[in-house]
Amino acid sequence: MEIAPGIHNVITEKEPVMGVTNTYLIVGRTGAVWVDTGWDRPGEGQARVDYWKKLGSPPLRGICITHRHPPHWGNSPLIQRECGGAPIIATYQEAEAINERMKGARVDRPVADGETLSLGDKTLQFVFAPGHTYGTMAVFIQESRSLFPGDAIMGVGTSVVNPGEGEIALFLETMQKFLRLNPSVIYTGQGPMVTDPRAKINELIQHRHRREEEVLAQLRTGPKTVEQMFGAIYTGLNERLSNLAKNQVRSHLIKLQNEGRVTAEGETYRMK
Ligand SMILES: [Zn+2]
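Everything numeric here is computed off the predicted structure, so don't read it as measured data.

Thresholds applied
- Residues numbered from 1 in each chain as written.
- Predicted model: local features only at pLDDT ≥ 70, side-chain atom pairs only at ≥ 80, totals over all residues.
- Domains from an automatic or database assignment.
- Contact = placed C-beta atoms within 7 Å.
- Nonpolar A, V, L, I, M, F, W, Y, C, P; charged D, E, K, R; others polar.
- Pairing = 2+ DSSP bridges.
- Helix = DSSP H or I, 4+ residues; strand = E, 2+ residues; numbered from the N terminus.
- Axes fitted to C-alpha atoms, helices over the stretch in contact; angles between N-to-C directions.

Caption draft 1: Structural detail: the domain arrangement of the protein. As far as domains go, the protein holds domain 1 (2-195) and domain 2 (213-271). Domain 1 and domain 2 are separated by 32 Å when their C-alpha centres are compared. Contact residues are listed per partner, giving seven residues for domain 1 and nine residues for domain 2. Its residues assigned to classes, the side of domain 1 that touches domain 2 comprises five nonpolar, one polar and one charged.

Shown next, in the form of structure tokens:
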């Protein structure tokens, strides 16, 4: 459905809720681009191709992939094949991680921070936005100041940062970068859009600072393992969320180690 002039959120579900990857078709005077393409599940790719055809098949200038996680690029090969062979666009930093898993297509146009693509009345700016993953890319429409950050900003709650895939220090730098961009609206990777970007971004920064404080408070009372800190900070999570939460503790510990504030001996962490 069209959620703003020339901006469509194309999902097969009724509502943009958490767990559903939003996939956007941005249509300008001289062409269109996708921002993310959704899980490769039966009918999902075709539904997006059909939606584009219903709009009169506007010349497709690019298929932008915000980051390496499969729900964001799954239907890209099919869309590329069926919609005129538009280049698949991702950052230089993320291209390899996407190409490792994507079958039947590759990132054709790696982009650097600040590169642009014009759709006539809409200028798309590619924004290097690492944190959730090392090479996350946001797309920013300069004229309307609309930001598409992938999973760097969710409609509800916070974005996860898993060790090996991303880093909290980078995530916090990216949030500052988003504040400087001063978006008027955020079209999130999952969940509803954000109409008060500044409040949402500040909330995400505060959330990370609070979590770091909780980890430090644990370590101030003596050396601890991730399991011990997780047990004290989080309660009542199901198993899937427990693993994600432990990874958040680990990611905070990596940041604190890099800052020289915490050391590790085996599984045990202590204040320096
Ligand atoms: Zn993700």
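Picking up after the structure, the text goes on.
Caption draft 2: Molecular detail of the sheet that holds strand 2 (residues 7-9). With mixed pairing, seven strands are arranged side by side in an open sheet as 1-2-3-4-5-6-7. On the outer flanks of this sheet lie strand 1 (2-4) and strand 7 (109-111), each paired with one strand and no other. Direction aside, neighbouring strands of the sheet carry axes that sit 30 degrees apart on average. Along the sheet, helix 3 (residues 92-101) makes contact with strand 6 (88-91) and strand 7, crossing strand 6 at roughly 120 degrees.

Caption draft 3: Just the sheet that holds strand 14 (residues 262-265), in detail. A sheet is described by the order of its strands in space; here three strands give the open sequence 13-15-14, paired in antiparallel fashion. Two strands bound the open sheet, and with one partner strand each, they are strand 13 (224-225) and strand 14. Looking at chain direction, strand 14 and strand 15 (residues 268-271) are connected through four bridges and run antiparallel. Note that in strand 15 the partner of Ala264 across the bridge is Tyr269. Lying over the sheet, helix 7 (residues 239-258) contacts strand 14 and strand 15, oriented at roughly 115 degrees with respect to strand 14.

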